[in-house]
Amino acid sequence: MKMDSFNAKLKQFAKDLFAIDAIKFGEYKTKVGVMTPVYCDLRVIVSYPRTMETLADLLVTYLENISRFDLLCGVPYTALPIATAMSLKTSIPMVMRRKEAKDYGTKKLIEGIFKEGQNCLIVEDVVTSGSSILETVKDLNGAGIKCTDAVVLLNREQGGSEFLKNNGIQMHSLLSMTQLMEYLHEAGCVDDAMVEKVKKYLAATQIDQTQLTKTIKQDRLSLSFKSRAKLARNPVAGELFEIMSSKKTTLCVAADLTNSTDLLNLAEEVGPHICILKTHIDILEDFHLNLIKPLIEIAQRHNFILFEDRKFADIGKTVEYQYSSGVYHISLWASLVTAHSLMGKGVLDALKRSGGLYKRGVFLLAEVSSAGNLINDGYVKATLAMAEEYPELIAGVVCQSPLFRAHPGLVQLTPGVSLDAEKDALGQRYASPRNVVLERGADVAVVGRGVTGAKDRGAAAQKYREVLWEAYLGRVEEA
Ligand SMILES: O=c1ccn([C@@H]2O[C@H](COP(=O)(O)O)[C@@H](O)[C@H]2O)c(=O)[nH]1
């Protein structure tokens, strides 16, 4: 397409956007609560297939002189259909980034077929700060896909392009806000006063690059465990980060054994390679409190934390008894325990007020690894909200996807990890160590039978520790 006809098509497209109400003028509240005189809502474009087609044509033509890409990826959700339209026009395959990994069976953050090292062009509708593009880039990078460029329909000229450049992404925009205003003014859609108002607004609302960089840097997935140790509000989480960093391990072995001697032997064998030994103390057939002293001694000698996976789920008063009394006296020896959010905050209040170890923490279960579980998005959200209400008590969250990236002081613990198996006969489902760290956001990975079922349990733990640590090194900016 010649330059003149391209520009004419672009001008007509600007008018079309105005006509379909994708560009509105008035007083609108932005995502961050600031008022704006111009609002762009490209979501409506799916209802206008001709306009969508023109957009795809324009973007593809615009990109002709820019390097070739192996893949396209639209920033969810508005840019997904735009990327699809471009993919149909160019035959460049698409990948899709899930905002949250939902269905466990195919629980990936990046859907579609790709190879590590392929180069992906990011597609976005409107850019203000550029942070949504960076979130998508982060997940694509986590899956081994390279990203260097992003194409966007509209650059709002509020600093997003510079911010992306500073983070290694070259942004190509079809329209800038100034250009859009010029075209709409020329077409009689807006008057001089509005052009002036938008100009002033843009000048006054440039994003704070330092602040934004700080926010992005708070993403726990790119921070080292060493630096996160200082951000933990729960003391056991802080200690855990220190252990992970100094021992170079993110492995938690699930010691699901039924015999006390076997449990102590396992602790000794895997001790040098783990940060946590997780127990289900009630499955021991020969439990006696005498077991606890040697167990604590091994934990101290090898520098790992004892974690009883009790999954408390009762009224507060009963939980209080279950935690501190009974046969097991969990609160006296387990620095960490798990709890369900199902029964409400009473469980956490009980764990908080019960006597026991001075330093202790709780992991709330937000998602689980088993097939057919009944947890839904609302439950997950409410669980995270509950975790936020108890910052000193909550050490982390048990989940299967990176639910809380903006809370670097919390630990994500992810069970269902195996180098070999995909599932067991009773509904357990597994993902690889690399996948749980790079795609699902695990800080600590729980491995049970992958270690306990091995002939040489120490060697198996060492193997898991190494692959997990290598994956962690691939995701942090400074280890
Ligand atoms: O969602 C969850 C929560 C906890 N677990 C526990 O982790 C281990 C997994 O053992 P494997 O032998 O590796 O399957 C086990 O103790 C579970 O109670 C989980 O699997 N899923």
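Throughout this description, residue numbers start from 1 for each chain and increase along the sequence as written. In keeping with the model being predicted, local features are shown solely for residues with a pLDDT of at least 70 and side-chain atom pairs are shown and tallied solely at 80 or more, while totals for entire chains, interfaces and linings include all residues.

J.: How should the sheet that holds strand β3 (residues 71-74) be read in this particular structure?
T.: Strands pair in a sheet through their backbones, by hydrogen bonds, and they do so in one of two ways: parallel or antiparallel. In this description, strands pair whenever DSSP reports at least two bridges between them. A run of DSSP states H or I qualifies as a helix once it reaches four residues; a run of E qualifies as a strand once it reaches two. Both are numbered from the N-terminal end. Read from one edge to the other, the open sheet built from 4 strands follows the order β3-β6-β7-β8, with strand pairing classed as parallel. Unpaired on one side and paired on the other, β3 and β8 (170-176) mark the two borders of the sheet. For this sheet the average axis-to-axis angle between neighbouring strands, irrespective of direction, equals 20°. Pairing geometry for β3 and strand β6 (residues 119-127), over 4 bridges, is parallel. The partner of Leu-72 across the bridge, within β6, is Leu-121. The contact rule is simple: place each C-beta atom from the backbone, and if two of them lie within 7 Å, those residues are in contact. In this description, a line fitted to the C-alpha atoms serves as the axis of each element, helices being fitted only across the stretch in contact, and the angle between N-to-C directions of two axes falls anywhere from 0 to 180 degrees. Each of β3 and β6 is contacted by helix α3 (residues 79-90), which is oriented at about 155° to β3, the strand it contacts most. Packing against the sheet, helix α6 (residues 177-186) makes contact with β7 (146-155) and β8, and its axis sits at approximately 15° to β8.

J.: Looking at this structure, I do not really get the site of the ligand. What am I missing?
T.: Only the C-beta atom matters for this test: placed from the backbone, it must lie within 6 Å of a molecule or strand for the residue to be near it. Looking at the ligand, there are 15 residues lining it, with Ala-254, Val-368, Pro-415, Gly-448 and Arg-449 nearest. Secondary-structure elements contributing two or more residues to the shell around the ligand are β16 (444-447) and α18 (449-452). Of the residues that constitute the shell around the ligand, the class distribution is 6 nonpolar, 6 polar and 3 charged. Throughout this entry, Asp, Glu, Lys and Arg are counted as charged residues, while Ala, Val, Leu, Ile, Met, Phe, Trp, Tyr, Cys and Pro are counted as nonpolar. The remaining residues, Gly among them, count as polar.

J.: Sorry if this is basic, but what is going on with the environment of Thr-178 here?
T.: Positionally, Thr-178 belongs in helix α6. On a C-alpha basis, the gap between Thr-178 and Ile-276 in space is 56 Å, while along the polypeptide they are 98 residues apart.

J.: Could you clarify how one ought to interpret the domain arrangement of the protein chain in this entry?
T.: Frequently, the measure chosen for interface size is the accessible area that the parts lose on association. The domains assigned to the protein chain are domain 1 (3-217) and domain 2 (220-478). The split of the chain into domains comes from an automatic or database domain assignment. Here domain 1 and domain 2 have C-alpha centroids that lie 40 Å from each other.

J.: For this particular structure, what's the right way to read the packing of helix α1 (residues 3-19) against helix α2 (residues 49-62)?
T.: The relative placement of two packed helices comes down to the angle between their axes together with the axis-to-axis distance. Between α1 and α2, the shortest axis-to-axis distance is 11 Å and the interhelical angle comes to 145°. Along this stretch, α1 crosses α2, giving a crossing that reads as left-handed. The segment α1 lies against α2, with Phe-6, Lys-9, Leu-10, Phe-13 and Asp-16 engaging Thr-51, Thr-54, Leu-55, Leu-58 and Thr-61. Residues that form the contact of α1 with α2 fall into these classes: 5 nonpolar, 3 polar and 2 charged. Left-handed describes a crossing whose near helix is turned anticlockwise from the far helix by less than a right angle; the clockwise case is right-handed.

J.: Would you mind showing me how to read the UniProt feature "active site" (unreviewed entry) in the protein chain here?
T.: UniProt positions are given in the numbering used here, feature names are shortened, and annotations may be inferred rather than shown by experiment. Using the residue numbers shown here, the UniProt feature "active site" (unreviewed entry) corresponds to Asp-309, Lys-311 and Asp-314. Setting aside anything within four residues of it in sequence, one finds Lys-311 in contact with Thr-338, Ala-339, His-340 and Leu-365. In this fold, Asp-314 is placed in the loop between β11 (305-312) and α13 (316-324).

J.: What's the story with the UniProt feature "binding site: substrate" (unreviewed entry) in the protein chain in this structure? I'm lost.
T.: In the numbering used here, UniProt assigns the "binding site: substrate" (unreviewed entry) feature to Asp-256, Lys-278, Ser-369, Gln-428, Gly-448 and Arg-449. Here Lys-278 is to be found in strand β10 (residues 276-279). Looking at Lys-278, the number of C-beta atoms within 10 Å reads 25, which means it is buried. With sequence-adjacent residues up to four places away left out, Lys-278 is seen in contact with Cys-252, Val-253, Ala-254, Ala-255, Phe-307, Asp-309 and Val-446. Assessed through the 21 C-beta atoms surrounding it within 10 Å, Gly-448 is described here as buried. Any residue surrounded by 20 or more other C-beta atoms within 10 Å of its C-beta is treated as buried, while 12 or fewer makes it exposed and the intermediate range makes it partly exposed; C-beta atoms here are placed from the backbone.

J.: Is there a simple way to explain the nonpolar core in this structure?
T.: Most often, soluble globular proteins have nonpolar side chains that are buried together. Of all hydrophobic cores here, the largest spans 138 residues; its most connected members are Cys-120, Val-123, Cys-252, Val-253, Cys-275, Ile-305 and Ala-445. When residues in this core are grouped by element, the largest group, 7 residues, is from helix α19 (residues 457-473). Per-domain counts for this core show at least three residues from each of domain 1 (3-217) and domain 2 (220-478). When near neighbours in sequence (up to four residues on either side) are disregarded, Cys-275 contacts Leu-240, Ile-243, Met-244, Lys-247, Thr-249, Thr-250, Leu-251, Cys-252, Phe-304, Ile-305 and Val-444. By definition, a nonpolar core groups buried Ala, Val, Leu, Ile, Met, Phe, Trp, Tyr and Cys residues that connect through C-beta atoms lying within 7 Å of each other.

J.: Would you mind showing me how to read helix α16 (residues 377-389) here?
T.: Since the α-helix turns once every 3.6 residues, residues separated by three or four places project in the same direction. In this analysis, the expected span of each helix is defined as 1.5 Å times one less than the number of residues it contains. If you check α16, its first and last C-alpha atoms are 19 Å apart, about what 13 residues at 1.5 Å a residue would give, namely 18 Å. Of all the residues in α16, the buried ones are Val-380, Thr-383 and Ala-387. Here the buried residues of α16 occupy an arc of 65° about the axis, which is enough to place them on one side. Projecting away from the buried face of α16 at angles above 90 degrees are the exposed residues Asp-377, Gly-378, Lys-381, Ala-385, Glu-388 and Glu-389. Regarding the arc, it is the one traced by the directions from the helix axis to the C-beta atoms.

J.: What's the story with helix α4 (residues 131-142) in this structure? I'm lost.
T.: For α4, spanning 12 residues, the distance from its first C-alpha to its last is 16 Å, which sits close to the expected 16 Å at 1.5 Å a residue. Judged by how many residues are buried, α4 sits mostly within the fold: 9 of 12 residues are covered. Taken as a whole, α4 has its buried residues at Ser-132, Ile-133, Leu-134, Thr-136, Val-137, Lys-138, Asp-139, Leu-140 and Gly-142.

J.: I tried to follow the pairing of β10 on my own but got confused; where do I start?
T.: Along any regular strand the residues' side chains alternate between the sheet's two faces. Where burial is concerned, the two faces of β10 agree: the one with Ile-276 and Lys-278 and the one with Leu-277 and Thr-279 are both buried. Pairing geometry for strand β9 (residues 251-255) and β10, over 4 bridges, is parallel. Its bridge partner being in β10, Ala-255 is matched across the sheet by Thr-279. Taken together, β9, helix α11 (residues 260-270) and β10 form a β-α-β motif whose crossover is right-handed. Each parallel crossover has a hand, and the one from β10 via helix α12 (residues 292-302) to β11 is right-handed. If the strands point away from the viewer and the path from the first strand over the helix to the second runs clockwise, then the crossover is right-handed.

J.: Which parts of the structure should I look at to understand unusual backbone geometry?
T.: A negative phi angle characterises most non-glycine residues, just as the trans form characterises most peptide bonds. For the bond running from Pro-76 to Tyr-77, omega is 0°, close enough to zero to count as cis. Looking at the element boundaries, Tyr-77 is found in the loop between β3 and α3. Positive phi is not limited to glycine here, since Ser-91 has a value of about 65°. By the element assignment, Ser-91 lies in the loop between α3 and β4 (96-97). One non-glycine residue, Glu-157, lies in positive phi territory at about 60°.

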